Amino acid sequence: MDRKHTDPNDAAHARRQAVIDRMLHDALTSVTRHALPSHDALPDDIRRTVDRLLAKADAERRTALTYDDLEEALPPRDVTAEDLEAIFWVLAEYGIEVEES
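No experiment lies behind these values; they were computed from the predicted model shown. (Residues numbered from 1 in each chain as written. Predicted model: local features only at pLDDT ≥ 70, side-chain atom pairs only at ≥ 80, totals over all residues. Heavy atoms only, no water.)

Honestly, the environment of K56 in this entry has me stumped. Any pointers?
Following the sequence through the fold, K56 ends up in helix α2 (residues 44-59). Sequence separation between K56 and A73 is 17 residues, and the spatial gap between their C-alpha atoms is 9.9 Å. With residues up to four places along the chain from it excluded, the contact list for K56 reads R62, L65 and D69. (Helix = DSSP H or I, 4+ residues; strand = E, 2+ residues; numbered from the N terminus. Contact = heavy atoms within 4.5 Å.)

Can you walk me through the side chain of D45 in this structure?
Secondary-structure assignment places D45 in helix α2. What makes D45 buried here is its relative accessible area of 16%. Polar contacts involving the side chain of D45 include one to the side chain of R77, which spans 2.5 Å. If sequence neighbours within four positions are ignored, D45 has contacts with P75 and R77. (Buried < 20%, exposed > 50% of the residue type's maximum accessible area, 1.4 Å probe, protein only. Polar contact = N/O pair within 3.5 Å; in protein donor to acceptor, adjacent residues only side chain to side chain.)

I keep staring at unusual backbone geometry and nothing clicks. Help me out?
Even without glycine at this site, R61 takes up a positive phi of about 50°. You can call R61 exposed: its relative accessible area is 78%.

Looking at this structure, how should I read the packing of aromatic side chains?
The relative placement of two aromatic rings is captured by the distance of their centres and the angle of their planes. Under the counting rule described, the total for this entry stands at one aromatic pair. For the pair Y67 and F88, a centre-to-centre distance of 6.5 Å together with 65° between the ring planes defines the contact as edge-to-face. Note that Y67 is positioned in helix α3 (residues 67-73) and F88 in helix α4 (residues 81-93), a separation of 21 residues in sequence. (Phe/Tyr/Trp six-rings, centres within 6.5 Å; stacked < 30°, edge-to-face > 60°.)

Got a minute to help me understand α4 in this structure?
Residue pairs spaced three or four apart in an α-helix point in one direction, given the helix's 3.6 residues per turn. The first and last C-alpha atoms of α4 sit 18 Å apart over 13 residues, in line with the 18 Å expected at 1.5 Å per residue. Buried within α4 we find D83, A86, I87, V90 and L91. Down the axis of α4, the sector holding all buried residues measures 130°, keeping them to one side. Of the residues in α4, the exposed ones pointing more than 90 degrees away from the buried face are A81 and E82. Among the structural elements, α2, α3 and β2 (97-99) are those in contact with the buried residues of α4. (Expected span 1.5 Å × (residues − 1). Arc of directions from axis to C-beta.)

Whenever I open this one, a negative patch on the surface confuses me. Can you help?
A surface patch of negative charge is lined by D68, E71, E72, E97, E99 and E100. Listed by contribution, the elements that provide at least two residues to the negative patch are α3 and β2. With three residues, α3 is the single largest residue contributor to the negative patch. With respect to the secondary-structure elements, E72 resides in helix α3. Note on E72: relative accessible area 64%, which makes it exposed. (Patch = residues over 30% accessible without salt bridge, like charges linked within 9 Å, V, L, I, M, F, W, Y side chains within 5 Å. Areas by Shrake-Rupley, 256 points an atom, 1.4 Å probe, with all protein chains shown as cover. Salt bridge = Lys/Arg side-chain N within 4 Å of Asp/Glu carboxyl O. Lys, Arg positive; Asp, Glu negative; His and termini not counted. Charge placed at Lys NZ, Arg CZ, Asp CG, Glu CD.)

Just to check I follow, could you spell out the nonpolar core for this structure?
Soluble, globular proteins show a tendency: their nonpolar side chains are buried together. One finds L42, V50, L53, I87, L91 and I96 to be the most contacted residues of the largest nonpolar core, which totals 16 residues. Counting residues per element, the ones that place at least two in this core are α2, α3 and α4. Among the elements that make up this core, the one with the highest residue count is α2 (five residues). Residues in contact with L53, not counting those within four places in the same chain, are L65, D69, L70, A73, I87 and L91. (Core = buried A, V, L, I, M, F, W, Y, C linked by side-chain atoms within 4.5 Å.)

Below is the structure:
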């Protein structure tokens, strides 16, 4: 028997898949549009902070630093949220996390 009947479950599956595909596309597109600064593009004092933190992690062969370590390495000025985001981003690129002590 040759039926041209469309199963409602197939249509629902196709709609769900279209939503998933659109969400995946949006997620991937936003990542490519939002580029965080590289180490070389950071302000000098923030770059020195990152260098101190990387050196500490390397010397102690650690993949995690504490917020105390971060606090000690920060420059003596008010650090912006963007500065902190950049620090965490660069540390994460090197596989280093910042966690509670």
